[in-house]
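This is what each chain is made of:
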Amino acid sequence: MSQDSLPSILRFDHVTVAFGSDVALADVSFEAFEGESRVILGASGSGKTVLLKTALGLVKPDSGEVFAFGQNLTAMSERQLFDIRSKIGMLFQESALFDSLTIEENVAYPLLNQKSIHCAPGQVLPRVEETLEFVELGGTLEKFPSELSGGMKRRAAIARAVVTEPPLVLYDSPTAGLDPITAHTIITLLIKERDVKQTTTLLVTQRYQDGNLIANFRYNSKQGCLEPARNGAGRAMRTTFMVLREGRLIFEGGQDELEESKDPYISKFVKQRV
Amino acid sequence: MLDLLKEPVLAVQEFYLLAGRAIRNVFRSPHYTDDIALQMDTIGVGSLLIAALTGFFSGAVMALQMARALSSYGQMGKTGTLVSIVLVRELGPVLTAIMVAGRNSSGMASELGSMKVTEQIDAMRALGTDPIQKLVTPRLIATAVMLPLLTIIADFVGVFGGWVISYVFLHLDSRLYWSTSWRALEWNDITQGLLKPFVFAFAIALIGCFYGLRTTGGTQGVGRATTQAMVAANVMIFILDLLMTKVFVWQAS
């Protein structure tokens with residue numbers, strides 16, 4: 001099925017974001033479709049986090065427009081944005097768990113605070129437990145974020161991002177600062193979430209191997225592990241790669257095109273392939 | 001020159017926007033009553049001892065100093081009058097506000113600043129909560145309710161401190177001290193003694209939250225925001241005190 005025939009989930013139309021004289025995003029345009037996976041690569045300071053925050057309406061563009069689920073975010077007030085944000089899950093770079101709340105309260109937070117999420121009070125705890133089991137963190141309900149390791153915090157934050165079952169999930173450097181084994185566990189969870197819940201995924205990362213896993217593996221729910229699926233084979237949608245450099249979108253396309261690119265900046269990322 | 005002015009003017013504009021939204025949110029739902037109660041406990045109950053001690057010692061020192069000055073006019077019996085007037089009009093509201101600013105304005109800046117640099121504020125917005133409604137408005141309400149109450153306690157403990165000095169060291173008649181203290185006070189004194197802490201509370205809470213929410217630069221930034229909040233809140237307390245005193249003096253005359 002052509003991606004263009006699917007509903008557009010997220011669209012950036014000539015978006016520029018600047019903080020004073022520093023341009024974080026410069027004339028960025030792209031469109032993500034339902035069920036698609038997008039891997040956004042770029043060095044530190046290339047505008048990856050700003051791109052995700054702009055997609056969520058947390059940062060307003062200086063020019064251009066952002067559309068999520070067909071609605072123009074740039075024209076919305078903060079209160080109007082809450083409805084759109086309830087359809088978007090976000091994993092922040094440093095997890096951003098509320099450190100004064102327990103893991104249970106953190107994961108329950110979106111269920112209790114997002115107006116458009118109608119969760120009966122009796123259903124909150126079962127859904128929190130179910131989501132924590134999904135990220136293999138059952139038994140941590142009463143713990144505080146400070147009591148968890150870096151990888152566990154990241155998993156708890158994923159649970160908080162997906163507990164409302166949003167159709168679009170944004171992951172900001174989910175493997176940054178983690179050891180290779182934990183990083184692999186986190187990416188496995190992302191693929192599991194994508195394939196089990198059929199979510200559209202935007203992954204920001206500096207590690208090409210994260211994108212490679214996203215593009216070439218699928219989750220086998222029977223065996224509970226990843227299995228190869230080269231370039232989306234066996235999956236309805238393929239993965240699109242994007243490369244940001246100093247706020248500019250310098251590449252958008254499939255993995256094969258990315259690997260064939262002669263651009264020295266792009267090849268720095270591709271060389272890391274495992 | 002214009003570039004130099006741009007940043008402070010922008011900061012003032014952001015402060016007034018924050019203040020406007022925080023006050024508007026008092027009348028808009030949702031109301032985070034649990035957070036208001038928690039902040040009342042932190043700001044009110046948590047500052048009780050420090051407010052009482054400040055009141056007691058300032059009242060005691062006032063009694064010693066005033067008795068010395070008044071004795072040269074043979075008016076030592078008026079010690080209670082001066083202690084109560086100065087405490088209720090000025091020292092009670094100002095010293096209590098300074099203590100609460102030192103304790104809570106900096107606390108708010110560091111708490112919100114830490115949340116800002118760890119993206120918890122962004123997470124809150126992403127998860128459907130207005131950070132001003134959830135974090136700033138409860139602190140504003142709690143400070144506006146608790147600071148006048150703390151001031152009343154500090155005033156009373158201060159007058160009591162003055163009595164201890166007057167009775168034990170100056171051997172003044174207790175009944176004379178209390179009756180002159182009580183009779184010295186007029187409605188104007190009570191009004192300004194309660195209105196001042198109410199206005200100071202806005203400065204303390206809003207300045208603390210403002211510096212916290214605009215924190216940048218990691219843990220160093222949190223430290224900087226904490227110091228700036230405390231200094232700015234203290235300076236603002238003195239400026240507001242002068243302005244309000246001028247208004248009350250003009251109104252009384």
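About the thresholds
- Residues numbered from 1 in each chain as written.
- Chains lettered and ligands numbered in written order.
- Predicted model: local features only at pLDDT ≥ 70, side-chain atom pairs only at ≥ 80, totals over all residues.
- Heavy atoms only, no water.
- Contact = heavy atoms within 4.5 Å.
- Buried area = accessible area lost by both parts, 1.4 Å probe.
- Salt bridge = Lys/Arg side-chain N within 4 Å of Asp/Glu carboxyl O.
- Polar contact = N/O pair within 3.5 Å; in protein donor to acceptor, adjacent residues only side chain to side chain.
- Helix = DSSP H or I, 4+ residues; strand = E, 2+ residues; numbered from the N terminus.
- Pairing = 2+ DSSP bridges.
- Axes fitted to C-alpha atoms, helices over the stretch in contact; angles between N-to-C directions.
- Buried < 20%, exposed > 50% of the residue type's maximum accessible area, 1.4 Å probe, protein only.
- pLDDT = per-residue confidence, 0-100.
- Parallel < 35°, antiparallel > 145°, perpendicular 65-115°, else oblique.
- Left-handed = near helix turned anticlockwise from the far one by under 90°.
- Phe/Tyr/Trp six-rings, centres within 6.5 Å; stacked < 30°, edge-to-face > 60°.
- Lys NZ or Arg CZ within 6 Å of the ring centre and 35° of its normal.
- Core = buried A, V, L, I, M, F, W, Y, C linked by side-chain atoms within 4.5 Å.

Novice: An account of the interface of chain B and chain A is needed here, citing residue identities and associated values.
Specialist: Interface extent is often summarised as the accessible area lost during association of the parts. In this complex, chain B contributes 18 residues to the contact, which on the side of chain A involves 21 residues. Together, the buried faces of chain B and chain A total about 1700 Å²; carbon and sulfur atoms form 50% of this surface. Area buried by chain B at its contact with chain A is led by Glu119, Arg125 and Leu127 of chain B, which between them contribute 38% of it. Put simply, chain B and chain A have three salt bridges between them. Across the salt bridge formed by Glu119 of chain B and Lys53 of chain A, the nearest N and O atoms sit 3.0 Å from each other. Linking chain B with chain A are ten residue pairs in polar contact (both at pLDDT 80 or more), by the criterion used here. Counting residues per element, the ones that place at least two in the side of chain B that touches chain A are helix H4 (120-126) and helix H5 (131-168) of chain B.

Novice: Could you give an account of the sheet that holds strand S3 (residues 37-42) of chain A, with specific residues and numbers?
Specialist: Residues and elements named next belong to chain A. Judged by pairing direction, the sheet is mixed, and its six strands sit side by side in the order S6-S7-S8-S3-S11-S12 without closing on themselves. Each of the sheet's edge strands pairs with one partner strand only, and the pair in question is strand S6 (88-91) and strand S12 (248-253). Neighbour to neighbour, the strand axes of the sheet diverge by 15° on average, direction disregarded.

Novice: A description of the pairing of S3 of chain A should follow, citing residues and the corresponding values.
Specialist: Residues and elements named next belong to chain A. Of all the six residues making up S3, six are buried; the element is thus mostly covered by neighbouring parts of the structure. Judged by which residues are buried, S3 turns out to be covered on both faces: Ser37, Val39 and Leu41 on one side and Arg38, Ile40 and Gly42 on the other are all buried. In the sheet, S3 pairs with strand S8 (residues 200-205) via five bridges, with the strands oriented parallel. In the strand pairing of S8, Leu41 is matched with Thr205. Direction of pairing for S3 relative to strand S11 (residues 239-245): parallel, over a ladder of six bridges. Bridge pairing links Leu41 to Val243 in S11.

Novice: Give me the confidence of the model for chain B: which residues, what numbers.
Specialist: Where the model shows low pLDDT, its predicted coordinates should not be examined in detail. In the predicted model, chain B carries a mean pLDDT of 93, and the fraction of residues at 70 or more is 100%. When the elements of chain B are averaged for pLDDT, helix H1 (residues 2-26) of chain B gives the smallest value, 91, and H5 of chain B the largest, 96.

Novice: Residues and numbers for the packing of helix H3 (residues 79-117) of chain B against helix H7 (residues 187-213) of chain B, please.
Specialist: Residue and element names in this part refer to chain B. Look at H3 against H7: their axes get within 7 Å of each other, and the N-to-C directions meet at 20°. Of the possible angle classes, the one that applies to H3 and H7 is roughly parallel. Relative to H7, the crossing made by H3 is right-handed.

Novice: An account of the packing of aromatic side chains is needed here, citing residue identities and associated values.
Specialist: How two aromatic rings sit relative to each other is set out by the distance from centre to centre and by the angle between their planes. Throughout the structure, instances matching the rule amount to 15 aromatic pairs over all chains. Here the aromatic rings of Phe15 of chain B and Phe210 of chain B are separated by 5.4 Å at their centres, their planes lie at 90°, and the arrangement is edge-to-face. With Phe15 of chain B in helix H1 and Phe210 of chain B in helix H7, this pair connects stretches of sequence that are 195 residues apart. What makes Phe210 of chain B buried here is its relative accessible area of 9%. Seen from their ring centres, Trp163 of chain B and Tyr167 of chain B are 5.4 Å apart, and the 15° between their planes marks the pair as stacked. Remark: Tyr167 of chain B and Trp163 of chain B occur in helix H5; sequence separation between them is four residues, near one turn of the helix. Ring pairs connect the aromatic residues Phe56, Phe57, Phe156, Phe160, Trp163, Tyr167, Tyr177 and Trp178 of chain B, which therefore count as one cluster. The ring of Phe98 of chain A carries the charged tip of Arg160 of chain A above its face, separated from the ring centre by 4.9 Å. Sitting over the ring of Phe134 of chain A, Lys192 of chain A keeps its end group 4.4 Å from the ring centre.

Novice: Hey, could you go over the nonpolar core for me, with residue numbers and the actual values?
Specialist: One finds Leu10, Phe12, Leu51, Leu170 and Leu202 of chain A to be the most contacted residues of the largest nonpolar core, which totals 83 residues. By residue number, the principal contributor to this core is H7 of chain B, which donates eleven residues. Non-local contacts of Phe12 of chain A, meaning those with residues more than four positions away in its chain, are made with Leu25, Val28, Ser29, Phe30, Leu51, Thr54, Ala55, Glu65 and Val66 of chain A. By size, the runner-up hydrophobic cluster in this structure holds 49 residues, among which are Ile117, Leu132, Val135 and Val243 of chain A.

Novice: So what's going on with the sheet that holds strand S4 (residues 63-68) of chain A? Residues and values would help.
Specialist: Residues and elements named next belong to chain A. With respect to topology, four strands assemble into an open sheet ordered S2-S1-S4-S5, the strand pairing being antiparallel. Strands with a single pairing partner mark the edges of an open sheet, and in this sheet they are strand S2 (22-33) and strand S5 (71-72). Sheet topology note: the strand S1 (residues 8-19)/S4 ladder contains five bridges and is antiparallel. By the bridge assignment for S4, Leu10 is matched with Ala68. Across the sheet, helix H1 (residues 48-55) is in contact with S1, S2 and S4; its angle to S1 comes to roughly 120°.

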